[in-house]
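Next come the chains, spelled out residue by residue.
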Amino acid sequence: MEFRFTADEDAFRTRVRDFLGGWVGPNGQVASERFDDLEREMAAQNWLTIAWPAEYGGGGASPLQQLIFKEECWRAGVSLDSQGVNLLGPSLMVHGSEEQKREHLPRIASGEVRWAQGFSEPGAGSDLASLQTRAVRDGDDYIINGQKIWTSGAHLADWIHLLARTDPDAPKHRGISYFMINLRSPGITIRPLIQLTGVHGFNEVFFDDVRVPRRNMISEENRGWYAATTTLDFERSGIERNLVAQRDWRRLYEFAASNRAALVNRPATWRHRMADLRIEVEVGQWIARRVAWMQGRGLVPNYESSMSKTYNSEVGQRIAEFGVSLLGLPGQLREPEREPGQTIAFRYLDARRLTVGQGTSEINRNVIATRGLGLPRG
Ligand SMILES: Cc1cc2nc3c(=O)[nH]c(=O)nc-3n(C[C@H](O)[C@H](O)[C@H](O)COP(=O)(O)OP(=O)(O)OC[C@H]3O[C@@H](n4cnc5c(N)ncnc54)[C@H](O)[C@@H]3O)c2cc1C
């Protein structure tokens, strides 16, 4: 058993680090106003879609190289959290027609088109198959009516990939179809939902007689659920949550190491807590890397992704909670003039969402218990 990257993977990490070195400021981070330029530069090198096959405008990297790439981006303060790159694109490669791939994949790879994910509804989150948005056939089109909620980035996106019910009489998983819809289509209204932190991350999206051509359906009519489960598998396999936890732990460590008052005159348990969290961050990193390692061997991670998602999101919350205690009263201060994400108070509030989005901790524990451990369903 050897816990290390190959020489080629190390060389790849150096290449990415050198590239990002040209973009970071004196604080080791890329300034947010440079993100658009960086994205364009990455797109030019096929790095936005680094793990996609070259034929679809990707960089042809292995899942482990993709993981290294993400680790280095996060280290430089760059989050490439794109629904098109991570969810719709890979799903289309598996379930899309050649025409759909040719139309949509290059525009994601070039950063020209941004996507949002229209799955959740007010009455359908964990129990997604209960969704009620309707799609009714009308000649070569479908007419969509209904509402989506928690739609991340819809206000910034150009297209949405959406699940709608095409057969209300079929058992619930068998009456769903999967569509791609241009968000500029007539009949779409996007309303902001402001988060606990004050950030506008997600939205409600309303569909009122929205016309979608049949060629924009992924897979077949009433078979959308099976394509969408592929999308959900891609959604949970990310390492991002561990990278957030690593970044937050490091900030606390730097604070504690440079402010003697933070730990001196406090019981040893405070230092032990810092050490415990370091252990948890490293355990989480190996759980997340295992997911990428499996993908690299052509295996399909399932409960392993749920383990990574659950563990790393909960570690992230524990770090934010400890951070607020460590800083004392200043830990409760928000500083709106600084970038969002800089204060521990912001991290504390923001961390709440980690255990809900991409499947709640309870749902992921259900997956681990039944598919991973083979325990009977309740
Ligand atoms: C930051 C963030 C971004 C998001 N972005 C998107 C997006 O872009 N597009 C999109 O479509 N959706 C998005 N979502 C929605 C997300 O997928 C749902 O919030 C999630 O699936 C949970 O659904 P719900 O909120 O309806 O909660 P519910 O499903 O109503 O769950 C409520 C509570 O009941 C528990 N529960 C439910 N069923 C079970 C069960 N069988 N066993 C045990 N416990 C159970 C849950 O764990 C939870 O604690 C986002 C959510 C967040 C937080």
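Starting afresh in each chain, residues are numbered from 1 along the sequence in its written order. Local features in this predicted model are restricted to residues of pLDDT 70 or higher, and side-chain atom pairs are both shown and tallied only at a pLDDT of 80 or more, whereas totals for entire chains, interfaces and linings draw on every residue. To obtain the side-chain values, all non-hydrogen atoms of the structure were included, while hydrogens and water were left out.

1. Focus on the domain arrangement of the chain
Throughout the structure description, domain borders are defined by an automatic or database domain assignment. Split by domain assignment, the chain resolves into domain 1 (7-80), domain 2 (115-222) and domain 3 (237-372). Between domain 1 and domain 3, the C-alpha centre-to-centre distance is 22 Å. When two components associate, each loses some accessible surface as probed by a 1.4 Å sphere; the sum of these losses over both components is called the buried area. For the domain 1 and domain 3 pair, buried surface summed over both sides reaches about 980 Å², with 68% attributable to carbon and sulfur atoms. Considering only the side of domain 1, the residues that lose the most area to domain 3 are Leu67, Glu71 and Trp74, jointly responsible for 53% of the buried surface there. Counted as salt bridges are all cases of a side-chain nitrogen of Lys or Arg within 4 Å of a carboxyl oxygen of Asp or Glu. One can count 2 salt bridges joining domain 1 with domain 3. Here Arg289 and Glu71 are joined by a salt bridge, their closest N and O atoms 3.1 Å apart. Only DSSP runs of H or I covering at least 4 residues are called helices, and only runs of E covering at least 2 are called strands; the numbering of each starts at the N terminus. Looking at the side of domain 1 that touches domain 3, the element that brings in the most residues is helix 3 (residues 63-75), giving 6 residues. Amino acids are sorted into nonpolar (Ala, Val, Leu, Ile, Met, Phe, Trp, Tyr, Cys and Pro), charged (Asp, Glu, Lys and Arg) and polar (every other residue, Gly among them). Residue composition of the side of domain 1 that touches domain 3, grouped by class: 4 nonpolar, 1 polar and 3 charged.

2. Considerations on the nonpolar core
Here, nonpolar core refers to any group of buried Ala, Val, Leu, Ile, Met, Phe, Trp, Tyr and Cys residues whose side-chain atoms link them within 4.5 Å. Three exposure classes are used, based on accessible area relative to the maximum for each residue type with a 1.4 Å probe and protein chains only: buried under 20%, partly exposed in between, and exposed over 50%. Grouped together as the largest cluster of nonpolar side chains are 27 residues, with contacts concentrated most on Phe19, Leu20, Leu38, Met42, Trp47 and Phe69. Going through the elements one at a time, helix 1 (7-21), helix 2 (35-44), helix 3, helix 7 (240-258) and helix 9 (268-296) are the ones with two or more residues in this core. The greatest single-element share of this core, amounting to 6 residues, is contributed by helix 3. Shared between two domains, this core takes at least three residues from each, and those domains are domain 1 (7-80) and domain 3 (237-372). If we ignore the near neighbours within four places in the chain, the residues touching Leu20 are Leu38, Met42, Glu72, Cys73 and Ala76. Among the nonpolar cores identified, the runner-up in size contains 26 residues, and Tyr56, Ile108, Leu131 and Met180 belong to it. Whether two residues are in contact is decided by their heavy atoms: any pair within 4.5 Å suffices.

3. Description of the site of the ligand
Residues in close proximity to the ligand total 17 residues, the closest being Ser120, Ser126, Trp150, Thr360 and Glu362. Polar contact criterion, stated in full: a pair of N or O atoms within 3.5 Å, where within protein one must be able to donate a hydrogen and the other to accept it, and residues adjacent in sequence count only if both atoms are side-chain atoms. Within the contact set of the ligand, an oxygen atom lies 2.7 Å away from a backbone nitrogen or oxygen of Ser120. No other element matches the 3 residues that helix 12 (residues 361-372) contributes to the shell around the ligand. Partitioning the shell around the ligand into residue classes produces 5 nonpolar, 10 polar and 2 charged. It suffices for a single heavy atom of a residue to lie within 4 Å of a molecule or strand for the residue to be listed as near it.

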